[in-house]
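# Examination of the molecular architecture
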Amino acid sequence: MGGNDPHIHVQSKVVHDDATTRNLLASTFGLVGDLPSVVTTGCGLRVPYAMTSPRPDRVTCLACREHARREHLRFSEEVERLSRMAGSTISPAQGKLAADKHRDLARRFSDAEG
């Protein structure tokens, strides 16, 4: 972890955001867990959590942007596939909406904004 890295990264588990999970637990159960101070990024570096963002317009590391694009595309395919399975708790229409949201995020990560 270099102290001179000026880039904003994404966490390696970009689709499974720790802050979102933390906020859900806090609002549901009143429990608040600590966020990690250092995380592994999509490009393989370990950086301070404060140097990461799930937002495409904030991420400046090109390798992280590509990682996030791939992960959102992979997740969109998985959601659509699972929503079509018998016994799924979400309908195919709901799965398509969620998949479309992640495809849009993938597109935004691939745009040359970073």
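Going by the structure above, here's the rest.
The notes below deal with the structure included here. (Residues numbered from 1 in each chain as written. Predicted model: local features only at pLDDT ≥ 70, side-chain atom pairs only at ≥ 80, totals over all residues. Heavy atoms only, no water.)

Our next topic: the overall build of the chain. For the chain, the count of helices and strands is 3 helices and 2 strands. Here the chain holds 114 residues, and 28% of them are scored as buried. Taking contacts inside the chain between residues at least 6 apart in sequence as the whole, the part at least 24 apart equals 63%. For the chain, the exposed area adds up to about 7200 Å²; of that, 56% sits on carbon and sulfur atoms. (Helix = DSSP H or I, 4+ residues; strand = E, 2+ residues; numbered from the N terminus. Buried < 20%, exposed > 50% of the residue type's maximum accessible area, 1.4 Å probe, protein only. Contact = heavy atoms within 4.5 Å. Areas by Shrake-Rupley, 256 points an atom, 1.4 Å probe, with all protein chains shown as cover.)

Moving on to the state of the cysteines. As enumerated under the stated definition, the model contains 0 disulfides in all. The closest cysteine sulfur to the non-disulfide-bonded C64 is located on C61, 3.7 Å from its own sulfur. (Disulfide = S-S within 2.5 Å.)

A separate point is the environment of M51. Structurally, M51 is set in the loop between β2 (46–48) and α2 (62–83). Separated by 12 residues in the primary sequence, M51 and V39 have C-alpha atoms spaced 9.3 Å apart. Beyond its immediate sequence surroundings of up to four residues, M51 is in contact with D5, P6, H7, I8 and H9.

You can see H102 is positioned in helix α3 (residues 92–110). On the basis of relative accessibility, which here comes to 11%, the residue H102 falls in the buried class. Sequence-distant contacts of H102, defined by excluding residues within four places in its chain, comprise V15, H72, F75 and S76.

Two quantities define a packed helix pair, namely the angle between the helix axes and the distance between the axes. Axis separation between α2 and α3 bottoms out at 8 Å; the angle between their running directions is 170°. Here α3 runs roughly antiparallel to α2, going by the angle between their axes. Along its contact with α2, which presents R65, A68, R69, H72, L73, F75, S76, V79, E80 and S83, the element α3 presents P92, G95, K96, A98, A99, H102, R103, L105, A106, R108, F109 and S110. Tallied by class, the residues present in the contact of α2 with α3 amount to 10 nonpolar, 6 polar and 6 charged. (Axes fitted to C-alpha atoms, helices over the stretch in contact; angles between N-to-C directions. Parallel < 35°, antiparallel > 145°, perpendicular 65-115°, else oblique. Nonpolar A, V, L, I, M, F, W, Y, C, P; charged D, E, K, R; others polar.)

Membership of the largest hydrophobic core is limited to 10 residues, which are V10, V14, V15, V59, C61, C64, A68, F75, V79 and F109. Tallying contributions element by element places α2 first for this core, with 4 residues. Here A68 is in contact with V10, V14 and F109, once residues within four sequence places are set aside. (Core = buried A, V, L, I, M, F, W, Y, C linked by side-chain atoms within 4.5 Å.)

This part covers the environment of R70. Its location among the elements puts R70 in helix α2. Overall, R70 belongs to the partly exposed group, its relative accessible area being 41%. For the pair R70 and R103, spaced 33 residues apart in sequence, the C-alpha separation works out to 9.7 Å.

Bear in mind that shape data such as this cannot, by itself, settle questions of function.
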